[in-house]
Amino acid sequence: MRQALTIAARDLRANFLTAFGLGSTAGFAAAAGVVLVVVLRGNQARLAGWFGTLYVLLGVLAALLTMRSFAEEERLGTLELLLTSPVRPWQVVTGKLLGVAGVLLVDVAATLACPLLVASMGHPDAGPILTGYVGVILVGLAFVAVGLAVSAATSNPLVAAVGSLAVLLALWGAGIVSGGLTGWPRLALEELAPSGHVVGFLRGTLSTKDVVYFVSLLALGLVTNVVVLEERR
Amino acid sequence: MNGAHHGVELEGVTRRFGRSTAVADVSFDVRQGEVLGLLGPNGAGKTTTMRMITGYLRPTSGTVRVNGADTAADPVGARRSIGYMPELPAAPPEMTVRSYLRFCARLRGVPRARLRPAVAGALGQAGLHDVGDQRIGTLSRGFRQRVALAQALVHDPPVLVLDEPTSGLDPRQVVETRELVTKLGRSRTVLLSSHLLSEVSQLCRRVVVLDHGKVLAVGDVASLSGGGTLEEAYLRLVRD
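Since the model is a prediction, treat every value here as computed from it, not as a measurement. (Residues numbered from 1 in each chain as written. Chains lettered and ligands numbered in written order. Predicted model: local features only at pLDDT ≥ 70, side-chain atom pairs only at ≥ 80, totals over all residues. Heavy atoms only, no water.)

Caption draft 1: Structural view of the interface of chain A and chain B. Of the residues lining the interface, 26 residues belong to chain A; the matching set on chain B comes to 30 residues. Across the interface of chain A and chain B, roughly 2600 Å² is buried in total on both sides, 58% from carbon and sulfur atoms. Notably, a salt bridge pairs Glu94(B) with Arg10(A), separated by 3.4 Å at the nearest N-O pair. Here chain A and chain B share 14 residue pairs in polar contact (both at pLDDT 80 or more) between them. Listed by contribution, the elements that provide at least two residues to the side of chain A that touches chain B are helix 1 (2-17), helix 3 (48-76), helix 4 (78-83) and helix 12 (208-231) of chain A. Per-class residue counts for the side of chain A that touches chain B are 10 nonpolar, 7 polar and 9 charged. (Contact = heavy atoms within 4.5 Å. Buried area = accessible area lost by both parts, 1.4 Å probe. Salt bridge = Lys/Arg side-chain N within 4 Å of Asp/Glu carboxyl O. Polar contact = N/O pair within 3.5 Å; in protein donor to acceptor, adjacent residues only side chain to side chain. Helix = DSSP H or I, 4+ residues; strand = E, 2+ residues; numbered from the N terminus. Nonpolar A, V, L, I, M, F, W, Y, C, P; charged D, E, K, R; others polar.)

Written out as structure tokens, the structure is:
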């Protein structure tokens, strides 16, 4: 675990030492603010629309942050030293996940200003805000795991970012396509898409099924990541 | 395993990339406490061979043992013994030299209490004391090359794998690096690749000549040269 934490700490620090890292944090916070302004035009102290959009923005953020984790390191040549160090692949993957998760936590913490602002103006229901943030963490980690797996498969950061976005969009799109289907294909696609699993968070309910979905996506992403790293040797 | 071998052994190592064969049935060993030169023209398979020793690449077939550990059965154990300087001196540009070396030392399991002396030692050996607190991105190519050497030494490994350690350096730095390699070779097993014959004949007693992924010759510099220069012997080998 020490090695994983070493990798995580390095990546976390590097993120806030680079213009790109600082820019992505500022960009995410600004986008969250803009979305809040749009959502509050309805003159209701409800944040479901805000959280819903935040989940989509998390996909973009995850794609941008994870493109540096492996693809950028390979482009720079530093991945070679990481992978020839006496570190197991799962330690590398855990370290990379924790590093991006740390950045994500900072970025998400910056958005706390939004619900606080709403609370100062009206009386929003605390339940959906709480579950909304549980959703942010779960969705964020799962999307990061997907992004990491894609990032490990290429040495081009741009390809990594676009690839991660494509995978996440395809997952999200499964929910849209399911609307036009009937029977078991519809059910299957609905279960496959993250969009259906965030509805509970927005309503203020926390169901085991939704939590299991995002934890499974996270686990699948990490396992794929380890396999990709080993296969490229 | 034949007794206590603490160097590097390659047995029938082959590596294919798709249909092309980069390294074909290569066998040689680097004995404990020697500096062995891996010599060959560009594209001979030197880097691929080194990458299989360091575990960055897996052999398609054959076995590699480092300090007695099989790189397939015990990859982490094998990598623990190695300090590796890749061909291109890559290091995160935003980190300072000191923090990067500290990161490398931690990653390779140097105990917390030993971190400070380990980093100081590597800085000293590579002649980096004056730039320890500078960001790597601001350093010249020569200094970045030294950072790459320092990270290979920071965990005090018994085996060093150096891929073209003097390429891109100015003449004075080349001399300094060669002196350092000679010094390191007294207490460690060193595998060094180069396409410079003069360098290899100066630093190594034994050489392996690679071409088109195959071993053309293994032996003492003196016996390979056969009275003439290593250059003549080498050109004869590569031409045949």
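Caption draft 2: Representation of the domain arrangement of chain B. All names here are of chain B. In terms of domains, chain B is made up of domain 1 (1-81 + 159-240) and domain 2 (90-157). Relative to domain 2, the C-alpha centre of domain 1 lies at a distance of 24 Å. With 17 residues of domain 1 at the interface, the matching set in domain 2 holds 11 residues. Buried surface at the junction of domain 1 and domain 2, summed over both partners, amounts to about 1100 Å²; 54% is from carbon and sulfur atoms. Interface area lost by domain 1 to domain 2 is led by Gln173, Leu180 and Arg188, which between them contribute 34%. (Domains from an automatic or database assignment.)

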